[in-house]
Each structure stands twice: as structure tokens, then as C-alpha cells.
Amino acid sequence: MASLRPLMIALVLSLLSSAGWSLSLTEDQQKKLQAARQEMGLKEGEPFKRHICLWDISGTSGPVFNGATDLRLDLLRYDIDISLEAFTNEGVMVASLKNGHCDAALMSGFRARQFNRFTGTIDAIGGLPNLDHMKTLLRTLAHPNLDKYMVSNKYQTLAVAPAGAAYLFVDDKRMNSLAQAAGKKVAVLDFDPGQSKLVTHIGAAAVSTNLATAPNLFNNGTVNILPAPLIAYEVLELYKGMEPDGGIVNYPIVQLTAQLIAHTDKFPPAIASLIRDVAADSFTSIQTALQKEADKIPEHWWIEVSSQNQMEYDDMMRAARLKLRETGYYDGTMLSIMKRIRCSEDPQRPECSQESE
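J.: Help me out: how do you make sense of the overall build of the protein in this one?
T.: Helices and strands together make up the secondary structure of the protein, namely 16 helices and 10 strands. On C-alpha atoms alone, the protein measures out to a radius of gyration of 20 Å, which is about the 21 Å that the 2.2 N^0.38 rule sets for 357 residues. Principal-axis analysis of the C-alpha atoms places the extent of the protein at approximately 65 × 45 × 35 Å. Split into buried and exposed, the 357 residues of the protein put 55% on the buried side.

J.: Quick question: what am I supposed to make of the layout of surface pockets here?
T.: Left-over empty space is what a probe sized like a water molecule reveals as it rolls over the atoms. By volume, the second largest pocket amounts to about 400 Å³. Together, 24 residues line the second largest pocket, and Tyr-167, Leu-230, Leu-290, Gln-291 and Ala-294 are the ones closest to its centre. Of all the secondary structure elements, the ones that give two or more residues to the lining of the second largest pocket are helix 7 (131–141), strand 5 (155–170), strand 9 (247–263) and helix 14 (283–295). Here the residues of the lining of the second largest pocket sort into 14 nonpolar, 6 polar and 4 charged.

J.: What am I meant to see in the packing of helix 7 against helix 16 (residues 332–345) here?
T.: Two numbers describe a pair of packed helices, the interaxial angle and the distance between the axes. One can describe the packing of helix 7 onto helix 16 by two numbers: an axis separation of 10 Å at closest approach and a directional angle of 130°. Considering the angle they form, helix 7 stands oblique to helix 16. Note that helix 7 runs across helix 16; the crossing there is right-handed. Residues His-133, Thr-136, Leu-137 and Leu-141 of helix 7 lie in contact with helix 16, whose contacting residues are Met-334, Ile-337, Met-338, Ile-341, Arg-342 and Glu-345. A per-class count over the contact of helix 7 with helix 16 returns 6 nonpolar, 2 polar and 2 charged.

J.: Just checking my understanding: could you explain the nonpolar core for this structure?
T.: Taken as a class, soluble globular proteins show a tendency for nonpolar side chains to be buried jointly. Judged by nonpolar contacts, the single largest core of 50 residues is most densely connected at Ile-122, Leu-137, Leu-141 and Tyr-313. Residue assignment for this core shows that the elements contributing at least two residues are helix 7, strand 5, strand 6 (185–189), helix 9 (193–201), strand 9, helix 14, helix 15 (307–326) and helix 16. In terms of residue count, the dominant contributor to this core is strand 5 (6 residues). If we ignore the near neighbours within four places in the chain, the residues touching Leu-137 are Ile-122, Leu-128, Met-334, Ile-337, Met-338 and Ile-341. Listed in part, the 29 residues of the second largest apolar core include Leu-23, Ile-82, Ala-272 and Leu-274.

J.: Hey, could you run me through the pattern of salt bridges in this one?
T.: Close approach of charged atoms allows side chains with opposite charge to pair. The full count for this structure, using the stated rule, is 14 salt bridges. Among the salt bridges present, the one from Lys-32 reaches Asp-28, with a minimum N-O distance of 3.6 Å. In this pair, Lys-32 and Asp-28 are both assigned in helix 2 (residues 27–40), 4 residues apart and thus about one turn of the helix distant. Linked by salt bridges that have partners in common, Asp-314, Arg-321, Arg-342, Arg-349 and Glu-351 make up one network.

Calculation rules
Residues numbered from 1 in each chain as written. Predicted model: local features only at pLDDT ≥ 70, side-chain atom pairs only at ≥ 80, totals over all residues. Heavy atoms only, no water. Helix = DSSP H or I, 4+ residues; strand = E, 2+ residues; numbered from the N terminus. Rg over C-alpha atoms; globule rule 2.2 N^0.38 Å. Buried < 20%, exposed > 50% of the residue type's maximum accessible area, 1.4 Å probe, protein only. 1 Å grid on protein atoms, 1.4 Å probe; cavity = no way out; pocket = protein on both sides within 12 Å on 5 of 7 lines; lining within 4 Å. Points joined across faces, edges and corners; volume = space filled by probe spheres on them. Nonpolar A, V, L, I, M, F, W, Y, C, P; charged D, E, K, R; others polar. Axes fitted to C-alpha atoms, helices over the stretch in contact; angles between N-to-C directions. Parallel < 35°, antiparallel > 145°, perpendicular 65-115°, else oblique. Left-handed = near helix turned anticlockwise from the far one by under 90°. Contact = heavy atoms within 4.5 Å. Core = buried A, V, L, I, M, F, W, Y, C linked by side-chain atoms within 4.5 Å. Salt bridge = Lys/Arg side-chain N within 4 Å of Asp/Glu carboxyl O.

Here it is in C-alpha cells:
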């Protein structure tokens, strides 16, 4: 149901790049870096060079590329020299990673699933209810014991960054339950097989669309429901589609991510583990930036969801995760990790007494 996921990740990455976070390695991290350099046979002062590709819908003039340029300067202090290349089309960038042109590429978690199903499952519907759960997960992923799951054949996940939750933007405030969504039209991307299944499961009608037209379909009334992160409210003027009687269902359906996917042979295990550790340190700055976006939403747009309806959402999303796990779309190990995190935060959740997932 995260129909705008890939497009909105690009917009959210713009936000994250300007979150004010700069790289500064701790003493322990610097020791790990030196040990990794020695293992690689790099001499004192010899730079570790790699080519990194970025998805920025504004190209080299965009904030994602500019933010990465600032990070590049920080890395030079540690003899890490990365060259950067911006792509305005995420699909083209992914192809460039596959053909070896890019040593690593920053992309949406949605696209990352094809390279690593384990980390690509972080964006599973309902898997992480809020950013506190995401923080716990990212710290968990930074533990060396999970390094093996970050590698999938010739590719590995170097970093995962939160990109905010996706919510349901609706044109009718009465849609505060799944029952109210029955018969409504929901925008879904034509290249995501999971979305149509979820929509039909609740009795709604899936309207196949693409990244360029989805926001307009909501704003002109062609679809009644559009899943999107909060940054879309202002950037894509989604308030037009909500006027006069719509709103935003105040219950997140998925936590979106941005992921740095790399060729395994280009980043030795010690370097890869260090990058994941450093990336986890950026969480607080990213969380602050995302909260600023949420604060921009006028209070009158929020549609509160009763505890009973929240349980309905949870049950529906859990059923969808299990079904998509069975088809191989989601990774079972990641689903289990996220369930443990949910239950550690809230042991009273009904699912915590069940063995599945």
C-alpha cells in the first residue's frame, strides 16, 4: 500500500541530507578503521577510493547530492575518497550498480529488496509501528553477529536510514477504519505486486498508476486513498486532494527506509561493519528532521483511530506480511526480528502470544 514509496524516498532523502548531521568518528571507530586499512594492505595516507551512485530527482543540483558532497569532505579526513554520481532515475541507477559502474548505490528500501531480501523487508507493512522501533532495529543491525545477513551473494547492505512513516491520505474523514475503506479507490504502483493484494484484501479497488501520475490522481479525485509519507503533504500539495472533508489517518502503515547497497567485493567485512555502525549514529539527527516535517501538518487534518480499529489494522497488516512471506516476497528472519522488537516495546500486543512470524 505504500504506493508512492520510491518517489517519496527521493524527497525524504533530500530532507535527510539537510538534517545537519556531520561525520565524526569516535576513537573506537577510528581504531576499527585503522585495523581495516591494515587488513586491506593500505599504506599510511593512501586513500580508500570507491564510486558511489545516488538517486536525486534534481541531479547534481539536488539536496541529496549536495548533502553527500558534504559527507565526502568529512570522509577525506579519514583517507576515504569517494567519487559521487547523481541519477535522476532510480531504475537506471540500479542498472548501473548491477553492471558494475557503481561500487555502491543509495536507493529506496523498496528497490533494495531485490539485492538483499533481509534488509529489504524492513519496509514491510506494519513491521515497525514507530521510529523508536526503527531505532532499536538499526542498533540491532549494527551488531557484528548480524553481519552475515547483510550480505546476499555479490551484494551487501552497507547502511540503512529511516525515511519516515507512510500514512493513508484520504478524501473523506469517515475513513478511520478498514470497513470504511471498502469499495474505495486506492492508488497502487504497477510494478509492486504486493500492493494490489493488500488493497483487494480489504475490499477496496486498486488503481494501477506510476510515480509521475499518482499524486495527481489523488489531487484530482480519481482515487480516494493515497499512501505516502508526511513530507508529501507540502512537497506534492496533497492537501488539495484532502479538501474539503479529507485528512490523514493517524496510524502509520509502514516505516520507509533508504539503503546503501554495495558490491560485496568492493567493501571488505571490517569496512562494511564500520559503515553500518557509523550510519546508526545518525539516527537522532534524522529523527529530528522527520519530526519537523510532521509538525508542519495542521492539526485539523489528522483523523484519529480508535484502539479497536487499530487492532483491525494490525491484524490486516500481519496477515499480509505472513502471506507475502510465504510467497518469498518478505524475509522470515527479518520479520521475526521485528516482531521481537514490537513485543519488547509492547508485550500486550495480541500477536505476542502467537508463534507465527
